[in-house]
Each structure stands twice: as structure tokens, then as C-alpha cells.
Amino acid sequence: MPKRGGMRAGGGLLLLLLLLVVPRIVALDADAWPRLDWSTGIWTDEGFYTYNARNAVLFGKAELDEFNNRNLAPILDAVQRRVFTRFGVGLVQARMISVVCSLLALAFFYDALRRIWGRRIAVTGLLFLGAEAMFIQYNRLALLETPSVLWLCIALWALTLGTPAGWLLAGALAAGAIAWKTTFLLFLPVPLLAWLWRRVGDGGSGGGAHGVMRPAACYGAGAVVGAALYLALWGIPHGREIVRMNNYYRTAQTQPRSVRQALFFAERAFWGYRIGSNRPMLQYLETRAPVLTTLAILGLLTVPLGRTKARLSVRAARRRDLHRVFWLWVALGLAMLSILRYSPSRYYLTLYPAIAGLAAITLWRLPLLWRWARARQKGRWAALVICLPAFLLLYHLCVPVLYVLRVPLYEWVGRVLAAFLAFLLMYRLILRLRRLVPVRSLAVGGLALFLVVSLAQWAHWYATRTYYTRDLGREMAAIVRPEGVVLGDWAANLCLDNRLRGVPVLYGLANWRDPVQRLRAEYVLVFQTPFRILYWNRTAPEVVRPENQVRAFTIHDYRFRLYRVPPAIREKGDLRAAAVGTFGVGAPRERWRQ
């Protein structure tokens, strides 16, 4: 029996490893799933955020023009240089960094849950995070988000050590997230708010060295140390460029113009379907990861179930703290992302560890929540709270169908239909059902449904995968001489897998003033949108003429034209006036990235 049990455990571990590893490495040079995001960032930003490392290895100098991504992510840039130096520059090499970071993040996330909640919830959380289709897809791309998730998972793991050194390390890492991506600073105040919650709500129960003041002080000291190290080693020496770039991303993309606009974006984020300036965040999460999102929302609505006055043990206090860390992390993150003007789906990775942790805890608490609702059924509000996540899920599943069918007032029709179905669910499952399904069966069923949905989405990507980035890079390498200069906002990404110098031209941020002459460009790649066409017609009108067109091609719904720059024009200096005079040097237009 022990031998058979050991074989079963070994087989389960092997299956788990295959489930987590294989989807991340199969066809690693294939394109991102077009359904992954509405933003073109999944097609362009891999080139942006490997730019300086690629320049340093191929051309001997990192900073060759006005775009320098290492100002925002210096640690990742250092890792990329080592990888490119050792294994060569290419699309697969850049993406392997994210793959390795994702697997390390899963290991730290699992051990953090195991320390506080035990193996059962740890394995559940590992599956929720590691096997989620959208998380897998982003783990395959050379973007900033996956390495940043690793950074936060290490901070979360350090927090669960329950020692002064662990709290100090957690604070330093949480503050140091600014060296990866500023949106990941969201985690920084969360542990402090969780300890404050215990102090106010539970009277600081947990006592002794594991009370509230000591961990908060250690964590705060660590945050100060982490921030000071970043400022001394990188932030202050490169402060001017960091402020300039962050100011562009803040003012041109993310920051709402007014309170009214922020409220509009929040309403669209929770209710909308492809309407308004901000994309529907909750609709995306509900349709891509329905099980995970529904459990996380249920966890948001039902923790805590009440104020705890009894003195908690050290273990119980730490467990409650971590539960509240996940709760606050998700709540604050949803609030922040909902009001941003520019909120692509890759920003949601900021919350994925918290969503997975909260969902895993909630899945194993379903019988407790059911009994809690049954005990308060006279007021009916508890049952309504339990069924609100079902209402949101049903609404976001119904609305796309009603939209396609062109039903008038489809949003309101969807709300009425979802409310009716959720009421039937509440009445049947909570108020009338006499016995609930055993917790183990609920957990197994929930995990099975989650895996079916996630693997089906991954299988759809695999069956319909394309290789535009790789193939067009090879085609451009056959057209342009080695180390030739190609300009355009897609150029860096399409040149990631060859030895050409693809230079991003981003209006208001980098290289938009007189780029052809200053950079001695040989080719210009024009993305066929009204603003890009207008920009190049006014910046380099002698270049973007039909007789100079070399190639026209399409990537899914995106169309491009590649123009050769005549040598005589490249050497002239009479195009500068158009770039500066016509567009000016004021605030950039936000639709440049959209």
C-alpha cells in the first residue's frame, strides 16, 4: 500500500508539472492569442521592453536613441543582457525569461499558501494561478508583467515566514517593485492595511511577537530600505528620464481627466461590453476565467463574516492576516484598474496571485458560506450576497449573446435576465436545498470545471496559432541589409528575431522629431491607422509615397506598409520642420497607443 500510494503521488506530481510547464513552452515562437487583449501591446511591447538589452548585445551600446526601457525596468534589463549574451538574441530567448519567472513565481506562491493554509489549499491555489489560460499566455510573452509577478510572489512568501527578517524582506521587495513596473506598487500598502484591520477589528489578537506593531514596523523599515536602495542605485542617477517616461505613461494613457470621467470608466469596467473609452474589465475576467473570477468575487463579498473578539492563536492570526491580504489586494486592485483610461488585460496580472489565493480559500469554504447564508435566511440578504457573483457571471455571459443578436437595450435586458436566473439559483440552492454537496466533491468539481475552461482556451490558441512576428521578422531581414535601421512603432518587435535595428517611433515619448534624418533610417514601417498615416505624411512626405513602397502585409486585423527611404532624402535635413512645426512638442495624443 505505501508503495502504491507513493506511485500515485508521484504520478500526480508528474501530471501537475506537465500541466504547468508544457503549455508555457510549446510553440514558444508563436504569436500571442489575438483574443488575449484588445490592445496592440501584445504585438509591440516585447520589442519595447527588450530594446536596450538587444542594443547592448548586438550594437555594443544600450542607449542609441530616445527610447530606453531600462530606465523603467533596470533589473530585467540586466537579466536580458546576460541571457542574450549567453544564448543569443531572439524571440524565444526573450520569452524564456518570462517562462522561467512564471515557474519560479508559482513555486513561491505555492510555498506561501502551504505555510499558512496547508497543502490542500496550496495545491488548489497553484492550479488556479498556474493553469489559468490568460496567465499562461502572458507568461509566454517577453513583457514586464510576469517578472513583476515573480517579485511580488517572493514578497508574499517572505511575508508568510512570520519572522522579523521575513517582514523586512517583504517590505523591501514590495517597495522595490518600482524597479519593475510602477503598477505593482499596489501591493506595498496591503500588508500594513491587513495588520491595521486586525488591530481595529480583532483587538490585535495574536499577541506577542506576532502581534501587529512589530511586523508592521519591520515591514515599514524594509520598505524604506528598499526605496532608498532603488533611489540611490538607480532612481536618482536616472531620475530625469524616469520622470519623463512615467509622466508620458501617466498623462497620455492612464490618468483620468476628471472625477466624472473616472466614475464613467469604473461603471464601464464593471458593466460594459465593448463600449466607452475604457474596456470592460469584469466582462473580460468573467468570460476568460469564470470559475476563478466568480469564486474570487464571492470571497470579496464574504470576508470577514464578522468581527472576531476572541483571542486568536498565532497560526489563526497569521491565516486571517493572509486572507485579508488577498482580500485587500483584489479590492484595491480592481478599484485602481477600473478607473484607468488605458487598462489592457496584461495589467490584470497585478492581481492574479491574489485572485487565485482568494478563490482557493473560498472554494474550500463553500459549505461554511452556505450554512452562514442558511442561518440568516430570515433576512434574505445573506443569500442575496452569496448569489451576487452568480448574477455577475450570468450577466457577463448573456450580454455578448444579446449584443450579437442585436437585442435593444441589451445591457438592461441582460441584467433582468441574469437577476431572474440568479434568484432561481438562490432559491433552489440556498433556501430550498436541504443538504449541500460534500466539500471535497465541490472542490474537485470546481477544479475540474476550471481546468476544462482553461485548457479549452489554450487548445483553441494552439489550434489557430500563427507565426507572424517570427516570419515577418525573417522576411524583413531578407529585404533590409544587416544592422539596417527600420523606423516605426511596430519595428522593434518585428526586428526582435533578426539583426536589424528596429527603432520605435512613439509620438510624445521617443524619436518622433525628425526621425528619418537623425537616425539615418533606411526603411519606415507605417501602421495603417489614421493618426500614424497623418503623422508620417507630415513628418516624411517624400518617403511615404507609392513608388517607395516595398511591401504591404497584414497581421490579423492590422495592416502595414514598408517604405524604402531614398538615400538622397535620408541625407537631407529639410524634413525636421514638418515633424516639429506641424505636430508641436506639447502633450501627446492618447490615441497613439490605442
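Residues numbered from 1 in each chain as written. Predicted model: local features only at pLDDT ≥ 70, side-chain atom pairs only at ≥ 80, totals over all residues. Heavy atoms only, no water.

This brings us to the packing of helix α3 (residues 51-59) against helix α4 (residues 74-87). For the pair α3 and α4, interaxial distance at closest approach is 8 Å and the crossing angle is 40°. Looking at the two axes, α3 sits oblique to α4. Our pair here, α3 against α4, has a crossing hand that is right-handed. On α4, the residues touching Asn52, Ala53, Arg54, Ala56 and Val57 of α3 are Asp77, Gln80, Arg81, Phe84 and Thr85. Of the residues in the contact of α3 with α4, the class split is 4 nonpolar, 3 polar and 3 charged. (Axes fitted to C-alpha atoms, helices over the stretch in contact; angles between N-to-C directions. Helix = DSSP H or I, 4+ residues; strand = E, 2+ residues; numbered from the N terminus. Parallel < 35°, antiparallel > 145°, perpendicular 65-115°, else oblique. Left-handed = near helix turned anticlockwise from the far one by under 90°. Contact = heavy atoms within 4.5 Å. Nonpolar A, V, L, I, M, F, W, Y, C, P; charged D, E, K, R; others polar.)

With that settled, the discussion passes to unusual backbone geometry. A positive phi angle is found at Asn511, which is not glycine, with a value near 65°. Position of Asn511 relative to the elements: it lies in the loop between β2 (501-503) and α24 (515-518). Judged by relative accessible area, which is 0%, Asn511 ranks as buried. In the Ramachandran plot, Arg520 falls in the positive-phi region, its phi being about 50° despite a non-glycine side chain. Position of Arg520 relative to the elements: it lies in the loop between α24 and β3 (523-527). (Buried < 20%, exposed > 50% of the residue type's maximum accessible area, 1.4 Å probe, protein only.)

Evaluation of the coordinates by the stated rule reveals 31 aromatic pairs. Ring geometry for Tyr535 versus Trp536: centroids 5.1 Å apart, planes at 80°, classification edge-to-face. According to the relative accessible area criterion, Tyr535 is buried, its value standing at 1%. Seen from the ring of Phe87, Arg86 lies directly overhead, with NZ or CZ sitting 5.2 Å from the centre. For Arg120, the ring lying beneath its charged end belongs to Trp364, and the centroid distance is 4.1 Å. (Phe/Tyr/Trp six-rings, centres within 6.5 Å; stacked < 30°, edge-to-face > 60°. Lys NZ or Arg CZ within 6 Å of the ring centre and 35° of its normal.)

Pairing is mixed in the open sheet, where 5 strands are placed in the order β2-β1-β3-β5-β4. Looking at strand neighbours, the two that pair on one side only are β2 and β4 (549-555), the edges of this open sheet. Taking each pair of neighbouring strands and ignoring which way they run, the sheet shows an average axis angle of 20°. Here β3 runs beside strand β5 (residues 558-564); their pairing, made up of 5 bridges, is antiparallel. Bridge pairing in β5 places Phe527 opposite Phe560. (Pairing = 2+ DSSP bridges.)

With that settled, consider helix α9 (residues 164-176). Look at α9: 18 Å from first C-alpha to last across 13 residues, which is about the 18 Å you get at 1.5 Å a residue. For α9, every residue scored as buried is listed here: Gly166, Trp167, Ala170, Gly171, Leu173, Ala174, Ala175 and Gly176. (Expected span 1.5 Å × (residues − 1).)

With respect to burial, β3 is a largely interior element, 5 of its 5 residues being buried. What you see with β3 is no split at all: Tyr523, Leu525 and Phe527 on one side and Val524 and Val526 on the other are buried throughout. With 2 bridges connecting them, strand β1 (residues 485-487) and β3 associate as parallel partners. From the neighbouring strand, Val486 faces β3, where its bridge partner is Tyr523.

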